[in-house]
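Chains, contacts and geometry: an overview
Residues per chain, in single letters:
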Amino acid sequence: MNVIKQIRQFNAGREPERLALKYRNMRSDPFVFLRATCHLFYAQLPLEPVLRRVPVAWACGDLHLENVGSYKGDNRQVYFDLNDFDEALLAPLTWDPVRCLTSILVGRHGMRLGARADAVAQELCEVFLNAYAQALADGKARWVERETAPPPVSDLLQAVRSRQRPEFLDTRTLLQGRRRRMRIDGRKALAATPGQRERVMAFFRDFAARQPVPRFFDVLDVARRIAGNGSLGVDRYIVLVRGKGSPDGNYLLDLKQAVPSSLLPRVPITQPRWADEAQRVVTIQRRMQAIAMAFLHPVQMGGGPYVLRGLQPSEDRVALAYTRHPVALLRNVATVMGQCLAWAQLRSSGRGGSAMADELIDFGSRQKWRAKLMEIARHCASQAELDWKVFAAAYDDGEFGPPLEQDKG
């Protein structure tokens, strides 16, 4: 099946308006295309021993430059860790690192490195691999400490500590007197239909009745959320609730449909039996993160699985794509990413079918697999760039519908 047919088949049934936004984003550059086509990446992954005959580990499934960041944990402290688990499942432990290496190579031009882009990307890959292997071999599941984290991670953690809820609410809502409503801007939110609004409100009435403080979840407004790339087009809402009181004690919640992992058709490992896809996402996230994200729930709406979580002022990431950073800071980020992945795999080892920590430690101590994994990442990066060119040509020819207004002129 060719690339265009695979993309159409994977996205079949998604909401047309947000799917059009996804296709527009994919047209912008190869890195965004890679982020939005996790299904293509794994469908084309070579059947090499280094990707098959290795220990099994819990995987976030879509590790790339934009999928690590800060968040508030359920102990009210701010952490920096892996932060996207939509694709998470049990997989060969090398699948996450090869996806991350590929993202570094594909994203090299977006990091504005100029003529040195290729050389610096290669160096960052080596830094990531070495940090990952060393942390795995060390065998200790650590986490990023604010006091000892290198910049720019330390800068981010310091910055988000001072963020206040009213300012955060102002970025997503409009204040009219003492009442807030969602800001419908076409970038982060689209208007919800009356039917969608009533469906969400009915869910929250039922959910609130089972909570210690039901009034916290009084719904003030509902919008369709625009966020991410791979999941654009699945059913997703941003919900403004009363929280601790209007206007500045309001909370924003994310309610997102949980769909099967796009890795599932390709992964050569029998998966646990989950109650539903939301249980899969939330359970694996709680296993792999150092501290679980505050207010994270698997729920059911209309008989389908959804993940409900809070949107936090402290939630952010180090912007690498389309931003110029000194190479020394990029090395720091690559190091932290490698460490976070190894720590997450160690933390979740020996659970639900994943290998014991001793197996991961032994694997991290070896040398041969690193060069082979790097070779595969270069192949995957080249393939992603070729696929993007095919997609871009098809998009420009109108095969994915007329361009959005923002694309014209």
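Located above this text is the structure these notes cover.
Below is a short write-up of the structure. (Residues numbered from 1 in each chain as written. Predicted model: local features only at pLDDT ≥ 70, side-chain atom pairs only at ≥ 80, totals over all residues. Heavy atoms only, no water.)

Description of the side chain of R225
Turning to its location among the elements, R225 is positioned in strand β8 (residues 219-225). A distance of 2.8 Å separates the side chain of R225 from the side chain of D254, its partner in a polar contact. Once residues within four sequence positions are removed from consideration, R225 is found in contact with R18, R172, K188, R236, Y237, I238, D254, R309 and L311. (Helix = DSSP H or I, 4+ residues; strand = E, 2+ residues; numbered from the N terminus. Polar contact = N/O pair within 3.5 Å; in protein donor to acceptor, adjacent residues only side chain to side chain. Contact = heavy atoms within 4.5 Å.)

Quick word on the pattern of salt bridges
Enumeration according to the criterion identifies 27 salt bridges in this entry. Close ionic contact of R197 with D221 constitutes a salt bridge, the shortest N to O distance being 2.7 Å. Taken together, the residues span a long stretch of sequence, with R197 in helix α9 (residues 194-209) and D221 in strand β8 at a distance of 24 residues. Among the residues examined, R197 registers a relative accessible area of 28% and is labelled partly exposed. (Salt bridge = Lys/Arg side-chain N within 4 Å of Asp/Glu carboxyl O. Buried < 20%, exposed > 50% of the residue type's maximum accessible area, 1.4 Å probe, protein only.)

Some points on the sheet that holds strand β12 (residues 304-311)
Strand pairs in the sheet, formed through backbone hydrogen bonds, run parallel or antiparallel to each other. Reading across the sheet, the six strands line up as β7-β8-β9-β10-β12-β11 and stay open at both edges, with antiparallel pairing between neighbours. Where the open sheet ends on each side, the last strands, each with one partner, are β7 (189-191) and β11 (296-301). Geometrically, the sheet is characterised by an average inter-axis angle of 35 degrees between neighbouring strands, direction not taken into account. With six bridges connecting them, strand β9 (residues 236-241) and strand β10 (residues 251-257) associate as antiparallel partners. Within β10, the residue paired with V239 across the bridge is L253. Against the sheet, helix α8 (residues 165-172) makes contact with β8, β9, β10 and β12, and its axis sits at roughly 50 degrees relative to β10, the strand it touches most. (Pairing = 2+ DSSP bridges. Axes fitted to C-alpha atoms, helices over the stretch in contact; angles between N-to-C directions.)

What to know about the packing of aromatic side chains
Applying the stated criterion across every chain yields a total of 19 aromatic pairs. With a centroid separation of 5.7 Å and an interplanar angle of 25 degrees, the aromatic rings of F203 and F207 are classed as stacked. With F203 and F207 both in helix α9, this residue pair falls four residues apart, about one helical turn. Just as F203 is buried, F207 falls in that class too. Taken together, the ring pairs in this structure connect F203, F204, F207, F216, F217, Y251 and F295 into an aromatic cluster. Its guanidinium or amino end placed over the ring of F400, R8 lies 4.7 Å from that ring's centre, counting from NZ or CZ. One residue, R165, lies across the ring of Y251, its end atom 3.7 Å from the ring centre. (Phe/Tyr/Trp six-rings, centres within 6.5 Å; stacked < 30°, edge-to-face > 60°. Lys NZ or Arg CZ within 6 Å of the ring centre and 35° of its normal.)

Concerning the layout of surface pockets
Any empty space left between atoms is shown by rolling a water-sized probe over those atoms. Taken as a whole, the second largest pocket holds about 360 Å³ of empty space. As for the second largest pocket, its lining consists of 18 residues, and the residues nearest its centre are R76, F216, Y251, A294 and F295. Here the lining of the second largest pocket is built from residues that sort into 10 nonpolar, five polar and three charged. (1 Å grid on protein atoms, 1.4 Å probe; cavity = no way out; pocket = protein on both sides within 12 Å on 5 of 7 lines; lining within 4 Å. Points joined across faces, edges and corners; volume = space filled by probe spheres on them. Nonpolar A, V, L, I, M, F, W, Y, C, P; charged D, E, K, R; others polar.)

Here's the deal with the pairing of β11
As judged from the six bridges shared by β11 and β12, these two strands associate in the antiparallel manner. When the sheet's bridge partners are listed, M301 is paired in β12 with G304.

Examining the nonpolar core
Counting 88 residues, the largest nonpolar core has F80, L82, F128 and V144 as the members making the most contacts within it. Every residue in contact with L82, bar those within four places of it in the chain, is listed here: L63, N67, V68, M288, Q289, C340, L341 and A344. (Core = buried A, V, L, I, M, F, W, Y, C linked by side-chain atoms within 4.5 Å.)

Focus on α8
Those residues of α8 lying buried are R165, F168, L169 and R172. The buried residues of α8 occupy an angular sector of 100 degrees when the element is viewed end-on, so they sit on one face. At its buried positions, α8 is contacted by β5 (173-176), β6 (179-182), β8, β9, β10 and β12. (Arc of directions from axis to C-beta.)

Here we look at empty space enclosed by the protein
In total, this model carries five cavities of 30 Å³ or more according to the counting rule given. Its volume calculated, the largest cavity comes out at about 90 Å³. Every residue lining the largest cavity is listed: F33, L34, T37, L40, F41, Q44, H379, C380, Q383, A384 and D387. Elements represented by at least two residues in the lining of the largest cavity include exactly α3 (30-36), α4 (38-43) and α13 (368-396). If one sorts the elements of the lining of the largest cavity by residue count, α13 sits on top with five residues. Taken together, the residues of the lining of the largest cavity sort by class into six nonpolar, four polar and one charged. What lines the second largest cavity is L65, I104, M111, L124, L320, L330, V333, A334 and M337. The element best represented in the lining of the second largest cavity is helix α11 (residues 327-347), accounting for four residues.

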